Structures are given as C-alpha cells and as structure tokens.
Amino acid sequence: MNWDETGPDTGDLADERLDDRLVAGVADGEDTAVEAALRPKDLHEFVGQEKVREQLDLVLKAARARGATADHVLLSGAPGLGKTTLSMIIAAEMGAPIRITSGPAIQHAGDLAAILSSLQEGEVLFLDEIHRMSRPAEEMLYMAMEDFRVDVIVGKGPGATAIPLELPPFTLVGATTRAGLLPPPLRDRFGFTGHMEFYAPTELERVIHRSAGLLDVAIDPAGAAEIAGRSRGTPRIANRLLRRVRDYAQVKAEGRIDRDIAAAALRVYEVDARGLDRLDRAVLGALLKLFGGGPVGLSTLAVAVGEERETVEEVAEPFLVREGLLARTPRGRVATPAAWAHLGLVPPQHGVKGQQGLFGA
C-alpha cells in the first residue's frame, strides 16, 4: 500500500471537513493505525509513481556511494498518494533514523531549533505540510538546510546575542499538498523535487491485491478492479474502501470479495461507480436540477446543498473538476455533458441555463 491547484490554506478546518468522508484523501484515526502495517518498506515494493521512484533511487544510491547524506527532498501532491511512505523508505534506504513532525506543529523558531539541535548525523527529518510552517521558523530553516547551522537568539532588545549552533548533516524531506504556497527561497534549497501523480486503476489494483494479502482478505481480480475504479486514483482511499468491503463480505458473503460483493458493499456506503459520494452527487444534482447546469455562483450552490462555501470549494469541487464533471468559469460553476450523463439526466434543449427560466427569458 502507498500513502498517502494552489489556493488558500484552510488548515485543520479542511481536514475536519474531510475526515468523515469515506473517499477523503486525508488519514483518519483508523487509517493511521492500519497504514503502518501496510506500508511498503523499500522502493521495490512501492507501487506506482514510476518516474519519482526511479529518480529517487538514483539520488539515494549516489549518496550511499559517496558515503554522504542524501540531498533534501521535496514531495508534493494530493493527500494519500504516498509522501509519508516515501519519506520512511528514504530513511530505510539510507540506513538512518527518521523523525516526523509537521508544519502546524512548528509555530516558533525555537520549536524548530529544538528539533534541529537534537538530530543525529545522517538522520532524516520528515516535515509534513511544510507550507504551513511559521515564517520565522521557515527563515531559520533556510540556513539549516544550506549551511547546517542555526543562529539561536539569546536575550531581548539591544542586549540580544546570536549564538551560532552547528548542526550535523541531515536530510530534510518536506511534504506539501500546496507546492505553490512555498516561497521560492525554500523550494530552491531542495536538491530533489518529486510531484506525486494520481494512480491509474491498474496500479490501484496492485495496491489492493497487496493490501488484501496483508489483511488476509480473499479477493478476486474483478473485485479488486471494482474497488480500484471507485478509489479516485488514491491508494489511501483504495485501502479504506477495501476495509469497508471486507466488513461487508464477512457479514454477507463468507469473507470473499468478488465484483458483485464489492459493488453491493460500496452502494451501502454511497460510493458510486466513478467514486462520487453523497456530497459530490448533491453538488452535481443541485447544479443540474436547480440551475439547469449553470453558470451559478459558488455561494448559491453551497446554500442549495446545505454546506459551507469552503466545503464545496475545497472538498467536493477538486475531484469533480478533475473528473471533467464540473468547470469553474468567470461567471460561475458549469456542469459538463459528462455530468448530465453520469446522473442520467437530459440537458436543456434550448440553452436555458441558471435561473433565466424563472423570468421567462
């Protein structure tokens, strides 16, 4: 198993909105507990991300041949694609310990200084959601990455003194879901940058078969394909759906998963054939049935589905846009022909859109 458009960072609130969705890319408590057992331990076990994996393999082998620490690594991409897993693989490949923290946990330069000063030589520091780190800590990180040194300020006002603190060579692995929010000086200090792409269904089938074996779940190829097709290109979602289908199969089908069982289980959990859940279909349904396919403003659409504006924009829309079911235009949100077809509806014949019909236009 592998794990796990720039815009405003909604932080923990966005994570809370995602946590209760079966098709959310962010990890919930159950995911965190299960992922440790399912994560691949080296690059050869890691499924997908062929380009990133090949390039990273060269970087790590070259570093080992030189007897040096690996260059700093920046991994970007949507939640659930494998950034944390790759950071652990980097540490394993280099034979080094790993320390894990996150941007939101580092709110002051002193927080970062405490972490950096306790690193061992060659240790890997994984900094998740690096774009959410505070600016003072970010500026301290520049010097630490480049010169392996930080200046610790002692005292205040005119009597303040900067004490240079030498750091052992280390490898920073930064992960971000919003690479565009990283300032150029920080991005430029990473020796290797890898962008994680969404997975093809065939790759997800391999992930599902591997995870099913580790979970001791009997699944046939058709069942794996059914789950993969509804997993939104994300291994974390694929494994979450696998666990829910496993539960259904244990109760309804003596524990074995085939295509029919997988489809029946995911109907119970309201995940349709393209991976849309209740919220996704509610947004599309309102756009098509109430507003004739649009264009309609985001706030109006959010009111129509009874959700917050940010929930529609940050949680539902990215996948709908990526699937070609919805388009963002200067005039508002517009449904595509694929959206009408997916919900089995017939588009207006005379180009009537939005609320024009209410006024006889």
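As shown above, the structure is provided for reference.
A brief look at the structure comes next. (Residues numbered from 1 in each chain as written. Predicted model: local features only at pLDDT ≥ 70, side-chain atom pairs only at ≥ 80, totals over all residues. Heavy atoms only, no water.)

This part takes up the overall build of the chain. A count of helical and extended segments in the chain gives 15 helices and 11 strands. Looking at the chain as a whole, 49% of its 361 residues qualify as buried. About 16500 Å² of surface is accessible on the chain, with carbon and sulfur atoms providing 53% of the total. (Helix = DSSP H or I, 4+ residues; strand = E, 2+ residues; numbered from the N terminus. Buried < 20%, exposed > 50% of the residue type's maximum accessible area, 1.4 Å probe, protein only. Areas by Shrake-Rupley, 256 points an atom, 1.4 Å probe, with all protein chains shown as cover.)

Attention now moves to the packing of helix H3 (residues 50-66) against helix H4 (residues 83-94). Where H3 meets H4, the axes come as close as 10 Å, and the angle between the chain directions of the two elements is 30°. In this view, H3 runs roughly parallel relative to H4, as classed from their interaxial angle. Considering the relative orientation of H3 and H4, their crossing is right-handed. Judged by residue contacts, Val-52, Leu-56, Leu-60, Ala-63 and Arg-64 of H3 engage Leu-86, Ile-90, Glu-93 and Met-94 from H4. A class-by-class count of the residues in the contact of H3 with H4 yields 7 nonpolar, no polar and 2 charged. (Axes fitted to C-alpha atoms, helices over the stretch in contact; angles between N-to-C directions. Parallel < 35°, antiparallel > 145°, perpendicular 65-115°, else oblique. Left-handed = near helix turned anticlockwise from the far one by under 90°. Contact = heavy atoms within 4.5 Å. Nonpolar A, V, L, I, M, F, W, Y, C, P; charged D, E, K, R; others polar.)

Within the element layout of this structure, Arg-232 appears in the loop between helix H9 (221-229) and helix H10 (235-252). Of note is the side chain of Arg-232, whose polar atom sits 2.8 Å from the backbone oxygen of Gly-275. (Polar contact = N/O pair within 3.5 Å; in protein donor to acceptor, adjacent residues only side chain to side chain.)

One broad rule of soluble globular proteins: the nonpolar side chains tend to lie buried together. Core analysis: the biggest nonpolar cluster contains 47 residues, and Leu-86, Ile-208, Ile-219, Ile-227 and Ile-257 have the highest contact counts within it. Broken down by element, the residue count for this core peaks at 7 residues, all from H10. Once residues lying within four places of it in the same chain are set aside, the contact partners of Ile-219 are Ile-208, His-209, Ala-212, Ala-224, Ile-227, Leu-242, Arg-256 and Ile-257. Core analysis: the next-biggest nonpolar cluster, separate from the first, contains 24 residues, Ile-106, Leu-119, Ala-137 and Met-140 among them. (Core = buried A, V, L, I, M, F, W, Y, C linked by side-chain atoms within 4.5 Å.)

It is worth spelling out the packing of helix H5 (residues 109-117) against helix H6 (residues 135-147) at this point. Taken N-terminus to C-terminus, the directions of H5 and H6 make an angle of 35°; their axes are 8 Å apart at the nearest point. Note on element contacts: H6 touches H5 through Pro-136, Ala-137, Met-140, Leu-141 and Ala-144, opposite Ala-109, Leu-112, Ala-113 and Leu-116. In terms of residue class, the contact of H5 with H6 is built from 9 nonpolar, no polar and no charged.

By secondary structure assignment, the location of Leu-119 is in the loop between H5 and strand E3 (124-128). You can call Leu-119 buried: its relative accessible area is 7%. When the C-alpha positions of Leu-119 and Pro-169 are compared, they lie 8.8 Å apart, and in sequence the two are 50 residues distant.

Judged from the 4 bridges that link them, strand E10 (residues 326-329) and strand E11 (residues 332-335) form a sheet pairing that is antiparallel. In the strand pairing of E11, Arg-328 is matched with Arg-333. Counting the residues between successive antiparallel strands, the hairpin from E10 to E11 contains 2 residues. (Pairing = 2+ DSSP bridges.)

The next subject is the pattern of salt bridges. Applying the stated criterion to the full structure yields 18 salt bridges. Across the pair Arg-259 and Glu-226 runs a salt bridge, and its minimum N-O distance is 3.0 Å. Taken together, the positions of Arg-259 in helix H11 (residues 259-268) and Glu-226 in helix H9 put the pair 33 residues apart, joining distant regions of the chain. Taking relative accessible area as the criterion, Arg-259 reaches 39% and is therefore assigned partly exposed. Take Glu-226: its relative accessible area is 13%, and that puts it in the buried class. The residue Arg-281 makes a salt bridge to Asp-272 at a minimum N-O spacing of 3.7 Å. Looking at Arg-281, the relative accessible area reads 24%, which means it is partly exposed. One network of salt bridges, in which partners are shared, links Glu-226, Arg-230 and Arg-259. (Salt bridge = Lys/Arg side-chain N within 4 Å of Asp/Glu carboxyl O.)

There is a patch of nonpolar side chains on the surface, built from Val-152, Ile-163 and Leu-165 and spanning about 200 Å² of accessible area. On the accessibility criterion, Ile-163 (43% relative accessible area) is partly exposed. (Patch = residues over 30% accessible without salt bridge, like charges linked within 9 Å, V, L, I, M, F, W, Y side chains within 5 Å.)

At 3.6 residues per turn, the α-helix brings residues three or four places apart onto the same side. For H9, the complete set of buried residues consists of Gly-223, Ala-224, Glu-226, Ile-227 and Ala-228. Where H9 is buried, its residues touch helix H8 (201-214), strand E8 (218-219), H10, strand E9 (256-257) and H11.

Taken as a whole and assessed by the stated rule, the structure comprises 1 aromatic pair. Both rings, one in Phe-148 and one in Phe-170, keep their centres 5.5 Å apart while their planes meet at 80°; by these two values the pair is edge-to-face. Linking Phe-148 in the loop between H6 and strand E4 (149-154) with Phe-170 in the loop between strand E5 (161-166) and strand E6 (171-176), this pair joins segments that are 22 residues apart in sequence. For Phe-148, a relative accessible area of 22% corresponds to the partly exposed category. Owing to a relative accessible area of 1%, Phe-170 belongs among the buried residues under this scheme. Geometry around Phe-319 places Arg-232 over its ring, the cationic atom sitting 3.7 Å from the centre. Sitting over the face of the ring of Phe-198, Arg-322 holds its NZ or CZ atom 3.5 Å from the ring centroid. (Phe/Tyr/Trp six-rings, centres within 6.5 Å; stacked < 30°, edge-to-face > 60°. Lys NZ or Arg CZ within 6 Å of the ring centre and 35° of its normal.)

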